[in-house]
Amino acid sequence: MRPRLIETVRVAADGGMPLLPWHVERLARSCAALGYRWPAERVQRAVARAAAGLPEGQAHRLRLELADDGAVDIGHAVLPPLPERPRVALAPGRLDSRQPLLRHKTTFRPWYAEAAAWLDAHPDHFDLIYLNERGECCEGSRSNLYLRLDGRWYTPPLECGALPGVQRAALLDDEAVEERVLTAADLQAADAVRLSNALRGWFDVKLHEASPIA
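Under an unreviewed UniProt entry, the name given to the protein chain is Aminotransferase class IV family protein, and the organism recorded is Pigmentiphaga soli.

Encoded structure:
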């Protein structure tokens, strides 16, 4: 069975989904690249129905899964608040930037299994940051990475092994960030470190240098 494509959509307290166009665009791009059926209207109707059924006044997380035959499944949950400046740390392993599925958000994520288990057991950390096989900054297991260097924000290019995150795409479209190859030395020298994902937006984090996994 081929892996399912995933989109995790934030539904704001007022029912808005500002990043939905970027989610739809990424799904369409992944379907084309992987040869999946792309039922655009079905996907958008399913998301709209699910969002309309949620109570207002509280942010929610919609998780959409799309099978290769076009079957759509959606679940939802309340989105708890994010702590101020959450902790992150370096992951002990490396990502292989040549792995093609790193460019697509799917249910097949074995390279993040150890990190996911550790993060579930350590809720004081939001994510683990990965380097690739060349020692370049790549991404977190659930987020994209940004470093502020000399007053400008940079994020690793997709060629380093990063997922084309929807919040990342919106930031690039707004010219709030630029792509640049970033090294482990840049990570240590950065004036500030931020992460982003579709559920949490773009936010500051505190980096703990030591790898937390023995």
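Now that the structure has been shown, we can carry on.
Structural notes on the overall build of the protein chain
Summing up its helical and strand segments, the protein chain has five helices and 12 strands in all. Relative to the 2.2 N^0.38 estimate, which gives 17 Å for 214 residues, the radius of gyration of the protein chain is 17 Å and therefore close to what a compact globule would have. The C-alpha extent of the protein chain, read off along each of the three principal axes, is 45 × 40 × 35 Å. When contacts within the protein chain are restricted to residue pairs at least 6 apart in sequence, those whose partners lie at least 24 apart make up 66%. The centroid of the 27 positive side-chain charges in the protein chain is displaced by 3 Å from the centroid of its 29 negative side-chain charges.

Side note on the pairing of strand S6 (residues 137–140)
When strand S5 (residues 125–132) meets S6, the two strands line up antiparallel, connected through three bridges. Looking across to S6, one finds that Ile129 is bridged to Gly140. A loop of four residues connects S5 with S6, the two strands running antiparallel in sequence, and Gly135 in this loop sits at a positive phi of about 80 degrees.

Regarding the side chain of Glu139
For Glu139, the location among the structural elements is in strand S6. For the buried Glu139, no salt bridge is present, and the opposite-charge side chain at shortest range is Arg109, 6.3 Å distant. Separated by 2.7 Å, the side chain of Glu139 and the backbone nitrogen of Leu163 make a polar contact.

Points about the pattern of salt bridges
Should the charged atoms of two oppositely charged side chains come close, the side chains can pair. Per the stated rule, a full pass over the model turns up 12 salt bridges. Note that Glu41 and Arg45 form a salt bridge whose closest N and O atoms lie 3.7 Å from each other. Here the residue Glu41 and the residue Arg45 both occupy positions in helix H2 (residues 40–52), the gap between them amounting to four residues, near one helical turn. A salt bridge links Arg168 to Glu179; its shortest N-O distance comes to 2.5 Å. Residue Arg168 is located in helix H4 (residues 166–173), and its partner Glu179 is located in strand S9 (residues 178–179); the two are separated by 11 residues in the primary sequence. Taken together, the shared-partner salt bridges in this structure form one network comprising Arg4, Arg63 and Glu65.

Parameters at a glance
Residues numbered from 1 in each chain as written. Predicted model: local features only at pLDDT ≥ 70, side-chain atom pairs only at ≥ 80, totals over all residues. Heavy atoms only, no water. Helix = DSSP H or I, 4+ residues; strand = E, 2+ residues; numbered from the N terminus. Rg over C-alpha atoms; globule rule 2.2 N^0.38 Å. Contact = heavy atoms within 4.5 Å. Lys, Arg positive; Asp, Glu negative; His and termini not counted. Charge placed at Lys NZ, Arg CZ, Asp CG, Glu CD. Pairing = 2+ DSSP bridges. Buried < 20%, exposed > 50% of the residue type's maximum accessible area, 1.4 Å probe, protein only. Salt bridge = Lys/Arg side-chain N within 4 Å of Asp/Glu carboxyl O. Polar contact = N/O pair within 3.5 Å; in protein donor to acceptor, adjacent residues only side chain to side chain.

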